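What follows is each chain in one-letter form.
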Amino acid sequence: MRLLVIGGTSFVGRAIVTEALGRGHDVTTFNRGLTGKDVDGVEPLRGDRSTDEGLEALAGRSFDAVADPSGLVPAHVLRTARALADSAPFYAYVSTTAVYQKWDTAPVDESAATWPGVADEDGDAADYAKYPAHKRGSELAVEQVYGADAALIARAGSIVGPHDNLGQLPWWLTRIAAGGRVVAPGDPGRGLQLIDVRDVAAFVLDQAETRTGGTHNVVPDGTNTTMGELVDSCVGATGSGATPVWMDEGFLFSQGVQPWGELPLWIPNVPDTAGFWAVSGASAKAAGLRTRPVAESVRDTWEWLRSGGEVRTTPGAPPLGLATEKEQQVLAAWDTRPAG
Ligand SMILES: NC(=O)c1ccc[n+]([C@@H]2O[C@H](COP(=O)([O-])OP(=O)(O)OC[C@H]3O[C@@H](n4cnc5c(N)ncnc54)[C@H](OP(=O)(O)O)[C@@H]3O)[C@@H](O)[C@H]2O)c1
């Protein structure tokens, strides 16, 4: 295939590029040249999809498929799809399960209600409050131009793996590598649904190669690991000998520890998070999604960090992880908590 990847230098896009090159495809990337470096072996094109003139480098080019993991603003995606409609017969868009109104509070499949999106809405890619509606609008933009049969909408869940640009698993690995007693949240048996970025990439390419349109939640079908396995895998991968100290959620709340932000990937087991790790992956599985063991993602993410990999979050992203001083306070409070 002659594949065009919009972006291709960061996390999901980089994984698609790497997998596509490994499969022998000719890969062209399109980006501004601001984020990361192009993967060796691609033909890099420079441009900015936020203006019509910015897409000039795509004029006169043709491709067998487009992979767009980076679109965050509907109008930018619409512009890109329109520019490519006559020169590339298939468009794969990486979206998110956050397009569902109830994705965190109730189990959802692809028929669940989504946030309203507007295909030509313009806006700021960094406006996180608009993220769900913008991703939905971007999906509509792709379908408006390509139709459902020539468009893949890949709604990814929580992604892990090398080149992570959110930093959740890297935070755990880095903290655990530092050793000592580590605050570990809630029930170690709590199930999680994590997808490796390379499995997302393989799925997108499988569908693009066969030009199979459709909308799928790209998540494991059911929980595929537990918080305990994740933490233990980090201990094993880093070889640090760190000791997880499992603390019940009520205690962590009493200490003001924030789920997700301070202890990444910790979602408290309370009724209004009942959907968080319960998104249906049945349709992607039926369409061929394969998922690797989470321990492999942990090991390879640690290898990436050890070889100099750095998490490059977007400017303005909130800080991640429990501060050392606060962790020490929480451990001390745990040790001296009243019996019973
Ligand atoms: N991480 C997760 O857990 C998760 C979960 C669900 C869904 N997702 C989805 O996965 C996607 C993330 O993919 P990703 O990490 O590969 O990409 P990304 O970090 O969102 O996008 C970055 C890529 O797009 C390029 N880019 C940004 N603005 C551009 C512009 N105006 N014109 C041209 N190129 C532009 C960047 O290069 P330049 O800056 O050099 O232009 C870079 O190559 C997100 O859209 C998100 O919705 C992620």
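Please refer to the structure placed before this passage.
Residues numbered from 1 in each chain as written. Predicted model: local features only at pLDDT ≥ 70, side-chain atom pairs only at ≥ 80, totals over all residues. Heavy atoms only, no water.

1. Some points on the overall build of the protein chain
Here is step 1 of the chain: Counting its regular elements, the protein chain contains 10 helices and 13 strands.
Here is step 2 of the chain: Compactness check: the protein chain gives a C-alpha radius of gyration of 21 Å against a globular reference of 20 Å for 340 residues, within 12% of the reference.
Here is step 3 of the chain: Classification of the 340 residues of the protein chain by burial places 51% in the buried group.
Here is step 4 of the chain: Considering only intrachain contacts with a sequence separation of at least 6, the fraction spanning at least 24 residues in the protein chain is 77%.
Here is step 5 of the chain: Carbon and sulfur atoms form 51% of the exposed surface of the protein chain, whose accessible area is close to 14500 Å².
Here is step 6 of the chain: Of the charged side chains in the protein chain, 28 are positive and 43 negative, and the gap between their average positions amounts to 2 Å. (Helix = DSSP H or I, 4+ residues; strand = E, 2+ residues; numbered from the N terminus. Rg over C-alpha atoms; globule rule 2.2 N^0.38 Å. Buried < 20%, exposed > 50% of the residue type's maximum accessible area, 1.4 Å probe, protein only. Contact = heavy atoms within 4.5 Å. Areas by Shrake-Rupley, 256 points an atom, 1.4 Å probe, with all protein chains shown as cover. Lys, Arg positive; Asp, Glu negative; His and termini not counted. Charge placed at Lys NZ, Arg CZ, Asp CG, Glu CD.)

2. Some points on the site of the ligand
Here is step 1 of the chain: Taken together, the neighbourhood of the ligand is formed by 29 residues, with Thr9, Gly13, Leu34, Thr35 and Tyr131 sitting nearest.
Here is step 2 of the chain: Between the ligand and Gly8, the relevant distance is 3.5 Å, taken from an oxygen atom to a main-chain nitrogen or oxygen of the residue.
Here is step 3 of the chain: Taking Val12, its main chain carries an N or O atom lying 2.9 Å from an oxygen atom of the ligand.
Here is step 4 of the chain: Protein burial of the ligand: of its 910 Å² of free accessible surface, 88% is covered by the chains.
Here is step 5 of the chain: If you list the elements that add at least two residues to the shell around the ligand, you get helix H1 (12-22), strand S2 (26-31), strand S5 (91-96), helix H3 (131-146) and strand S7 (158-160).
Here is step 6 of the chain: Of the residues in the shell around the ligand, the class split is 10 nonpolar, 15 polar and four charged. (Near = heavy atom within 4 Å. Polar contact = N/O pair within 3.5 Å; in protein donor to acceptor, adjacent residues only side chain to side chain. Nonpolar A, V, L, I, M, F, W, Y, C, P; charged D, E, K, R; others polar.)

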